[in-house]
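Chains, contacts and geometry: an overview
If you want the building blocks of each chain, they are given just below.
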Amino acid sequence: MNLKYSKCLGLAAVLYFTANYSAQQRVSDTASKEKLIEEVVVIGYGTQKKSNVTGAIASIKASDIEAIPAGRPEQVLQGRAAGVNVISNSGQPGSNATIRVRGVTSYSSNNDPLWVVDGIVVDGIGWLNQSDIESIEVLKDGASSAIYGVSAARGVILVTTKKGKRGSLNLSYNGFYGFSSAARKLDLLNATQYATIINEGFANDGKAIRFQNPSSLGTGTDWQKQIFGTGERQNQEISVQGGNEKSTFFGSFGYYDQSGIVMSDISYYKRLTARLNSTHKATDWLTLGQTFAYTHQKDQGINANGEFGGPISSAANLDPTTPVVVTDLSTVDANMYSNPNIIRDENGNPYGISPYVNQEMSNPKAFRYTQLGNFNWSDNFIASVFAEIKFLNHFTFKSSLNGKKAYWGSQNFTPLFYLSPTYSNLVNNSLSRTSQNKFEWSMENTLNYQNKFGQHSFNALLGTGYYDYNIGNGQTITHTNLPISSYQDASFNFALPSENRTSNTWDNVEWNKASYFGRLIYDYDNRYLFTGTLRYDGSSLFGANHHWGVFPSFSVGWNVNNESFWPQNNIVNSLKLRGGYGTLGNDGIEAFRFSSFYLSGFNYTNGNNTVLTGYAPGSLANPDLKWETTRQVNIAADLKLFSNVNLSIDFYKKKTVDILRPIAIPGYVGVSAPYIANVGDMENRGVEVELGYKKNWSDFTFSLNTNFAYNENEVLSLETGTKYLDESGYQSMGPTQRTIVGDPYKSFYGFKTLGVFQNQAQINAYVNGNGQMYQANAKPGDFIWQDANGDGVIDDNDKVNLGSSIPKFNFGATLNFGYKNWDLMVFGQGAAGHKIFQGLRRLDMLDANYQTKILDRWTGEGSTNVNPRVTRDDPNKNYSRMSEWYLQKGDYFRIKLVQIGYTLPTDMTQNFGVSKLRLFITGENLFTFTKYTGYDPEIAAGDSFGIDRAFYPQAKTFMFGANVTF
Amino acid sequence: MKNKFLKITFAASLLVGLSAMNVACTDADLEEKTNPGTFLSENFFRNEQECFFALVGTYDPLRKYAGGFENLVTFYNAASDDFYAGGGSATDGAGIQGVSNFQINQNTMPASYWRDYFQGITRANTLILRAPNAVMDETTKSRFIAEAKTLRALYYFDLVRIFGNIPLILKPFSATDDLFNVPQVAPSAIYAQIESDLTQAIPDLPMTVSGDQKGRLTQGAAKALLGKVYLYENKKAEAAAQLADVNGTPGGTSQYGYKLVANYGDLFKSAPVTEANDPYKFSTESIIEVMHTNKANSDWSFWGQGKDEGNSICIMTAPRSYTKKSDDAPDIVSGWAFNTITTDLYNFMQNDPRRDASILNLGLLKQQNKADYSPAYMDTGYFLNKFMPKTYMLTNLPGSQELNYRQNYILIRLADTYLMEAEALGGTGSRAQALLDAVRARVGLASVPVSMQAVKDERRRELVGEGHRFFDLVRWGEAASKLSSKGFVAGKNEIMPIPLTELTGTILKQNPLYNN
């Protein structure tokens with residue numbers, strides 16, 4: 001590291017040197033954690049008694065996490081805390097989740113919260129072994145998260161891993177093994193129904209029908225049966241912890257393996273983790289500590305949410321008249337199977353190729369063969385080391401150094417194949433490998449002063465930090481035309497001419513951040529509470545005019561039940577009122593967006609067939625580019641009632657201004673990259689309620705914890721001159737959503753229908769103010785479009801708000817019941833108030849299969865007023881126009897986990913040296929209550945904002961396992 | 001006690017020193033991060049290497065004719081009476097479908113036709129402004145600037161023919177400019193600028209180019225373009241003068257080395273990809289030719305970004321699900337079935353020797369059971385044969401086969417300039433007769449008496465599918481009559497609507513009758 005960095009660091013080496021001194025002074029441990037009986041909550045850069053917390057912090061402890069089967073670690077937050085929404089992005093093994101804290105904060109690209117694990121800022125916690133977690137705290141409001149300054153606007157999640165306990169050595173094992181299957185499948189047409197509908201489409205357009213005898217086709221192929229199977233899932237881990245008065249340590253190893261319910265040999269996820277944490281009291285006044293984690297992941301995935309290919313969208317669109325395998329070539333058009341590279345099964349029979357449905361769709365079983373040589377891998381090393389010095393009785397100085405290094409990449413082999421006339425690779429096979437690495441590090445120093453003068457308690461914190469991001473590079477290499485045919489024989493060691501070997505390498509663009517922060521926590525007699533924070537951040541991401549920003553906050557609280565005037569009663573045992581305000585920043589943009597560069601890649605080829613590199617102006621400079629600012633107000637009350645009931649109610653309002661967006665500059669300016677500027681505002685308002693009941697009597701224990709959140713999102717302004725932003729284009733339909741002032745972000749916008757024309761007279765009667773027919777070219781069976789703006793014409797100006805893609809309500813409930821050695825846990829969560837767009841069927845594939853909903857189509861006068869007629873030409877755009885016909889309510893409630901456990905009696909297990917042995921059975925995603933007809937209503941509420949393009953659905957899983965403690 | 005005091009002091013001063021060091025992070029530490037592998041705009045254009053990079057970037061938009069889904073040739077073919085849009089269905093490609101039945105509006109008009117050309121103009125403007133300060137050989141510098149001016153003229157010519165009412169921008173913008181208050185000008189002002197750019201550029205361009213310089217603009221190319229521009233402005237005398245210089249003696253070799261190619265079909269042939277050099281490229285008839293290649297290894301991540309280097313007309317005009325059934329059927333690669341040919345054109349070309357090179361009668365082959373295909377939207381059985389992809393054209397390098405066809409597109413060729421000169425001469429006189437005869441004689445047709453109608457008919461037969469027919473009809477004032485059955489509205493559809501995204505926030509006005 002060069003001199004500049006060491007200037008910002010504060011030499012850690014010196015601290016180790018001073019460790020050799022043994023100071024005589026004894027520092028009385030006024031804040032010794034293990035002496036406190038009170039519940040403690042982790043706040044930024046420290047901890048606080050829960051009764052004194054004035055911000056809105058959701059806290060989840062290891063005991064809550066233990067029962068949740070391992071998978072993606074962020075899933076443990078789902079449904080546990082009001083205002084923290086965790087939505088799976090797909091059911092594919094290893095697929096991450098979208099996390100939103102109190103709604104969609106900004107409509108620029110990134111809405112993920114800031115993850116801090118043991119003080120280290122990380123991109124996400126996919127690498128983390130779930131059972132290493134001691135606690136997770138979500139800082140929901142402005143006052144509690146403002147200490148993280150310019151990166152805090154989307155919410156802050158603090159994860160603390162286990163550090164070990166004083167006492168004897170503790171060895172434990174946890175493991176489970178389970179099977180998964182699809183919870184729900186689509187209702188698709190069988191071959192006879194398909195042929196009937198296709199024929200009807202031709203007939204309604206005045207053309208000859210295609211299938212002469214639909215009923216002779218029988219049921220045909222059930223493509224979903226070909227893709228769904230049984231997935232397996234297992235988790236094994238061992239952890240060791242222990243310590244004495246001087247040291248504590250925690251170590252663990254974990255192995256997790258999950259195969260998917262769709263084509264499990266090309267959809268799987270494996271993870272190996274190892275961790276070692278320890279702390280040492282070198283002397284009375286010096287404590288040293290470290291955390292270290294290593295994770296190795298390997299996975300492969302299929303297209304998990306897309307209509308352009310992949311097994312799931314192929315299964316939804318392929319016609320059931322095509323067989324899976326062709327055993328008798330005389331039953332099909334033999335010419336389609338003449339290519340030498342068609343894929344055959346183990347018996348040498350070719351896999352069926354659809355004569356009607358092509359482009360990116362293909363027989364999923366055949367497609368699988370082309371993917372077997374592909375996989376992704378990653379290795380992550382995350383570590384931190386700290387030293388803490390206590391001096392002069394009340395001061396603590398802590399210096400910590402964090403780093404993470406990640407290596408990851410993928411390998412792909414594409415063989416020669418012929419899946420269909422439009423999807424083939426007939427010239428060259430290819431083997432490619434991509435590897436990337438990234439290193440990020442940071443250093444933070446804090447000075448803490450704690451003291452009590454009579455009734456006044458003070459806790460003051462001063463700190464500095466320096467953070468360096470995105471140091472790394474990557475490369476990708478492709479070899480083509482290998483002299484082998486199967487992925488098992490593929491290797492980069494074959495000698496090939498240089499034109500068959502291409503590579504591309506890049507360097508990452510780094511950025512850094514420097515911070516100064518301070519906090520004051522004051523309470524008077526545990527009755528009147530105050531917290532104030534201030535953070536001053538500078539980032540290289542922003543223009544010269546705005547490198548630095550200030551982020552203040554404050555919050556106050558009142559423990560009313562500690563007042564002398566509080567009557568002791570059995571109804572309200574405790575009452576705390578709290579409120580706060582904070583200003584936070586969002587720095588989620590790419591580096592150097594404020595400068596103007598000449599970019600390459602605008603190439604042209606010369607007369608000798610050499611591709612020449614061309615350069616062109618990238619964008620315009622914007623020295624005023626700065627972060628987005630979120631200001632949040634939070635007012636709340638925490639009550640304990642009837643000794644057994646906990647109730648918390650929070651009201652909040654947060655407004656984000658200066659939202660970063662690539663603004664549309666006129667095309668005649670002629671630059672090739674978008675221009676990023678701070679334009680636009682958005683607001684979120686809502687209520688969160690957490691209600692819990694706990695009761696023990698004789699051998700029974702019972703607790704019920706529920707949470708409920710209501711969030712309202714509203715776009716307040718966009719860049720000047722823009723009335724709305726078109727969003728979420730769906731194939732040729734164009735945009736299905738709009739971001740428009742006054743409505744929630746990405747609201748569905750489309751046409752409203754007034755029913756279906758039953759006869760020609762109705763068409764003739766539908767006229768505008770001038771007597772002209774609105775839909776002169778319509779036929780009976782077509783939709784009646786509403787002229788929403790009353791201008792006499794049906795056009796894009798008649799698009800209206802059709803509903804929100806973001807749920808308004810999120811709720812969860814956990815029920816724990818215990819009787820002697822038995823325990824039962826039931827956990828459910830759900831969302832409501834949003835719509836889902838079902839975009840499974842390819843509009844441009846006129847021969848794609850339909851869901852059974854099409855059987856309710858219009859067939860004659862009076863048959864239905866809801867569904868239009870089947871037509872291929874579709875001049876009235878019944879199928880190609882965005883309308884409410886494509887939307888369904890997304891409300892759902894899901895029984896996510898049911899776990900029954902039995903702990904063997906300790907006197908029995910102690911004979912084997914086992915202090916605790918618990919056996920359990922878990923069921924995951926058992927029941928979903930919803931009216932939505934697609935695969936899975938949960939996924940739509942996440943990053944895809946309500947557009948279902950054939951999600952990889954979540955699975956129903958049964959697992960059995962054991963927890964053993966020695 | 002002294003020991004303790006010393007230790008405390010030592011520890012305390014260490015801490016103070018450490019904290020003090022930490023406060024030293026300043027702007028300088030934040031600003032030392034750089035963006036590797038890029039050039040800051042204010043540092044570019046220092047020498048010949050950087051000016052050449054910028055020149056290549058200015059040539060890049062030439063791929064708009066044949067590259068990408070939204071290419072000029074298939075779009076304007078669909079607008080003419082020779083072709084329909086075709087494709088997978090009525091919704092496959094809102095732009096090309098909309099122009100085929102003239103339902104196109106400001107929402108469906110692809111914005112890339114506006115943006116890509118203005119990007120080319122900005123690149124030319126920047127080069128013309130900044131190259132004079134570069135340290136390099138003066139002749140080369142003048143040549144670069146002349147090429148940039150010619151390209152700017154070409155891009156403005158296409159823009160004014162496509163949109164009619166556009167702004168005239170001659171220098172690059174900076175962040176502090178008022179970006180949204182740029183007005184449109186009358187087409188005559190654009191044409192005046194085009195004429196001025198070409199006239200200034202012509203003396204500084206080379207007479208001929210060879211070797212790796214093939215494809216770069218020459219004097220002949222600029223003159224041919226200027227003649228074409230004059231013709232569109234109805235400045236017939238000036239047009240005839242420029243084109244005469246380009247054409248030389250009808251049927252012979254002109255001063256720039258241009259001569260009609262002996263075999264018409266060779267103009268649209270492509271050598272197998274296994275041959276490094278394609279002898280069919282840059283023939284003697286080619287005046288402005290756009291180079292395409294498979295060496296860029298284009299893949300789908302380039303699609304829509306304007307970075308793929310292949311000729312997209314090939315995959316777009318090939319039939320869907322083609323299967324060869326007999327040995328004498330062609331080895332065609334299946335494609336997306338756009339630009340199906342109208343029966344009207346097929347009948348018009350009945351006895352013309354150029355018919356088979358231009359039109360593939362796949363309907364007949366299917367009837368004869370020699371080949372099969374899956375008819376797509378607006379199928380007529382007739383397909384454009386000039387860019388038909390064959391299996392020997394499939395790329396043998398990495399990248400998707402659809403995006404790596406290396407067949408070039410000839411923007412202006414000698415037969416075209418012969419006929420334009422004949423038109424500029426009013427379709428009368430011995431020179432016009434000689435020019436018409438030379439084009440016909442090349443394919444073995446006998447002479448016919450020259451007239452405007454004869455010249456117009458010959459243009460239709462000679463230039464099938466090359467993207468010129470719609471503009472010709474508009475220029476002759478025959479669009480309304482010939483295209484009425486397709487929905488052409490006079491006074492409206494001669495130019496395209498300005499895409500809505502380009503109007504938003506600006507003071508630009510939409511073209512007449514497109515306001516909805």
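If you're wondering where the values come from, they're calculated on a predicted model, not measured in any experiment. (Residues numbered from 1 in each chain as written. Chains lettered and ligands numbered in written order. Predicted model: local features only at pLDDT ≥ 70, side-chain atom pairs only at ≥ 80, totals over all residues. Heavy atoms only, no water.)

Looking only at helices and strands, one finds 20 helices and seven strands in chain B. Projected onto its principal axes, the C-alpha positions of chain B cover 120 × 55 × 50 Å. A total of 516 residues make up chain B; the buried ones form 59% of that total. Residue pairs at least 24 apart in sequence account for 70% of intrachain contacts in chain B once pairs closer than 6 positions are excluded. (Helix = DSSP H or I, 4+ residues; strand = E, 2+ residues; numbered from the N terminus. Buried < 20%, exposed > 50% of the residue type's maximum accessible area, 1.4 Å probe, protein only. Contact = heavy atoms within 4.5 Å.)

The biggest cluster of nonpolar side chains holds 144 residues, and the ones touching the most others in it are Tyr65, Phe163 and Met496 of chain B. When residues of this core are assigned to their parent elements, the largest contribution, 14 residues, is made by helix α7 (residues 138-163) of chain B. Discounting residues that sit within four places of it in the chain, methionine 496 of chain B has contacts with Phe75, Tyr76, Val99, Ile104, Met109, Ile162, Phe163, Phe470, Asn511 and Tyr514 of chain B. Counting residues in each nonpolar core, the second largest holds 34 residues, with Phe751, Leu802, Trp858 and Tyr886 of chain A among its members. (Core = buried A, V, L, I, M, F, W, Y, C linked by side-chain atoms within 4.5 Å.)

On to the interface of chain B and chain A, then. Taken together, the contacts link 90 residues of chain B with 87 residues of chain A. Along the contact surface separating chain B from chain A lie zero salt bridges. Linking chain B with chain A are eleven residue pairs in polar contact (both at pLDDT 80 or more). Secondary-structure elements contributing two or more residues to the side of chain B that touches chain A are α1 (2-22), α2 (27-31), β1 (39-40), α3 (48-59), α6 (112-130), β2 (286-290) and β3 (320-324) of chain B. Looking at the side of chain B that touches chain A, the element that brings in the most residues is α1 of chain B, giving nine residues. Class assignment for the residues of the side of chain B that touches chain A results in 40 nonpolar, 28 polar and 22 charged. Pairing analysis gives two bridges linking strand β26 (residues 597-600) of chain A to β1 of chain B, with the strands arranged antiparallel. Bridge pairing in β1 of chain B links phenylalanine 597 of chain A to leucine 40 of chain B. (Salt bridge = Lys/Arg side-chain N within 4 Å of Asp/Glu carboxyl O. Polar contact = N/O pair within 3.5 Å; in protein donor to acceptor, adjacent residues only side chain to side chain. Nonpolar A, V, L, I, M, F, W, Y, C, P; charged D, E, K, R; others polar. Pairing = 2+ DSSP bridges.)

Right, let's get into the sheet that holds strand β8 (residues 133-139) of chain A. Residue and element names in this part refer to chain A. Strand order in the open sheet formed by five strands is β3-β8-β9-β6-β7, with mixed pairing between adjacent strands. Of all the strands in the sheet, the pair left with one neighbour each is β3 (57-61) and β7 (120-122). The average undirected angle you get between the axes of adjacent strands in this sheet is 20 degrees. (Axes fitted to C-alpha atoms, helices over the stretch in contact; angles between N-to-C directions.)

A few words on the confidence of the model for chain B. Looking at chain B as a whole, the pLDDT averages 90, with 93% of positions reaching at least 70. Per the prediction output, this complex has pTM 0.77; the corresponding ipTM is 0.88. (pLDDT = per-residue confidence, 0-100.)

Right, let's get into the environment of phenylalanine 837 of chain A. Residue and element names in this part refer to chain A. Position of phenylalanine 837 relative to the elements: it lies in strand β44 (residues 835-838). In this structure phenylalanine 837 comes out as buried when scored by relative accessible area, which is 0%. Phenylalanine 837 sits 50 residues away from leucine 887 along the chain, and the two C-alpha atoms are 4.6 Å apart. Residue contacts for phenylalanine 837: discarding those within four places in its chain leaves Tyr730, Met733, Thr736, Phe748, Met882, Tyr886, Leu887, Gly946, Ile947 and Asp948.

On to the sheet that holds strand β29 (residues 615-617) of chain A. Spatially, the three strands line up as an open sheet ordered β29(A)-β26(A)-β1(B), and their pairing is antiparallel. If you trace the sheet from one side to the other, it starts and ends with β29 of chain A together with β1 of chain B, each paired once.

What follows deals with α6 of chain B. With 19 residues, α6 of chain B should cover 27 Å at 1.5 Å per step; its first-to-last C-alpha distance of 26 Å lies within 8% of that length. In terms of residue burial, α6 of chain B counts as a mostly covered element, since 15 of its 19 residues are buried. (Expected span 1.5 Å × (residues − 1).)

On the surface, Leu276, Phe292, Phe381 and Tyr407 of chain A cluster together to form a nonpolar patch covering roughly 330 Å² of accessible area. For tyrosine 407 of chain A, a relative accessible area of 33% puts it in the partly exposed group. (Patch = residues over 30% accessible without salt bridge, like charges linked within 9 Å, V, L, I, M, F, W, Y side chains within 5 Å. Areas by Shrake-Rupley, 256 points an atom, 1.4 Å probe, with all protein chains shown as cover.)

Overall, the coordinates contain 76 aromatic pairs over all chains when judged by the stated rule. Arranged with centres 4.9 Å apart and planes meeting at 35 degrees, the rings of tyrosine 294 of chain A and phenylalanine 381 of chain A form a pair that is tilted. Taken as a pair, tyrosine 294 of chain A in strand β14 (residues 286-300) and phenylalanine 381 of chain A in strand β15 (residues 375-391) lie far apart in primary sequence, 87 residues in all. We classify tyrosine 294 of chain A as partly exposed; its relative accessible area is 23%. Look at phenylalanine 381 of chain A and you get partly exposed, because its relative accessible area is 32%. Between phenylalanine 69 of chain B and tryptophan 336 of chain B the ring centres are 6.5 Å apart and the planes differ by 50 degrees, which places this aromatic pair in the tilted class. Residue phenylalanine 69 of chain B is located in the loop between α3 and α4 (72-79), and its partner tryptophan 336 of chain B is located in the loop between β3 and α12 (343-348); the two are separated by 267 residues in the primary sequence. By the ring-pair criterion, three or more aromatic residues cluster together here, those being Tyr730, Phe751, Phe783, Trp785, Phe837, Tyr879, Trp885 and Tyr886 of chain A. Between arginine 841 of chain A and the ring centre of tyrosine 850 of chain A, over which it is positioned, the NZ or CZ distance is 3.8 Å. (Phe/Tyr/Trp six-rings, centres within 6.5 Å; stacked < 30°, edge-to-face > 60°. Lys NZ or Arg CZ within 6 Å of the ring centre and 35° of its normal.)

To continue, consider the pattern of salt bridges. In the structure shown here, the tally under the stated rule is 77 salt bridges over all chains. Of the charged contacts in the structure, one is a salt bridge between aspartate 658 of chain A and lysine 626 of chain A, with a shortest N-O distance of 3.3 Å. With aspartate 658 of chain A in the loop between β31 (645-657) and β32 (660-663) and lysine 626 of chain A in the loop between β29 and β30 (628-641), the pair connects residues that are 32 residues apart, well separated along the chain. A relative accessible area of 24% places aspartate 658 of chain A in the partly exposed class. With its nearest N and O atoms 2.6 Å apart, the salt bridge here joins glutamate 462 of chain B to arginine 354 of chain B. Here arginine 354 of chain B lies in the loop between α12 and α13 (355-358) and glutamate 462 of chain B lies in helix α17 (residues 452-462), a separation of 108 residues in the sequence. Accessibility classification places glutamate 462 of chain B together with arginine 354 of chain B in one group, the buried group. Each of Glu285, Asp352, Arg354, Lys386, Arg413, Arg440, Arg442, Glu458, Arg461, Glu462 and Glu466 of chain B takes part in a single network of salt bridges with overlapping partners.

Attention now moves to the pairing of strand β10 (residues 167-182) of chain A. All names here are of chain A. In this structure, β10 lies alongside strand β11 (residues 231-243), joined through twelve bridges in antiparallel fashion. The residue bridging phenylalanine 176 from the neighbouring strand is asparagine 235, located in β11. Strand direction decides the pairing type here: β10 and strand β49 (residues 955-965), joined by eleven bridges, are antiparallel. Directly across from serine 172, in β49, lies its bridge partner threonine 965.

As a further point, take the environment of arginine 431 of chain B. All names here are of chain B. With respect to the secondary-structure elements, arginine 431 resides in helix α16 (residues 430-442). In this structure arginine 431 comes out as partly exposed when scored by relative accessible area, which is 28%. Between the C-alpha atoms of arginine 431 and proline 250, which are 181 residues apart in sequence, the distance is 8.0 Å. Setting aside residues no more than four positions away along its own chain, arginine 431 makes contact with Ala244, Asn247, Gly248, Pro250, Glu421 and Leu425.

Three- or four-residue spacings in an α-helix give side chains the same orientation, since the helix completes a turn every 3.6 residues. Residues and elements named next belong to chain B. Between its first and last C-alpha, α16 extends 18 Å over 13 residues, near the 18 Å set by a 1.5 Å rise per residue. All of the buried residues along α16 are Ala432, Leu435, Leu436, Ala438, Val439, Arg440 and Arg442. Looking at the packing, one finds that the buried side of α16 touches α10 (236-247), β7 (409-413), α15 (414-424) and α17. Where α16 ends, the next residue or the one after it, glycine 444, has phi of about 85 degrees, a positive value.

A word on the packing of α6 of chain B against α7 of chain B. Residue and element names in this part refer to chain B. Interaxial distance between α6 and α7 falls to 9 Å at its minimum, and their mutual angle equals 155 degrees. Our classification of the angle between α6 and α7 gives roughly antiparallel. Every pair of crossing elements has a handedness; the one defined by α6 and α7 is left-handed. On α7, the residues that touch Tyr113, Trp114, Tyr117, Phe118, Gly120, Ile121, Ala124, Asn125, Leu127 and Ile128 of α6 are Phe144, Ile145, Ala148, Lys149, Arg152, Tyr155, Tyr156, Asp158, Leu159, Ile162 and Phe163. Split by residue class, the contact of α6 with α7 holds 16 nonpolar, two polar and three charged. (Parallel < 35°, antiparallel > 145°, perpendicular 65-115°, else oblique. Left-handed = near helix turned anticlockwise from the far one by under 90°.)

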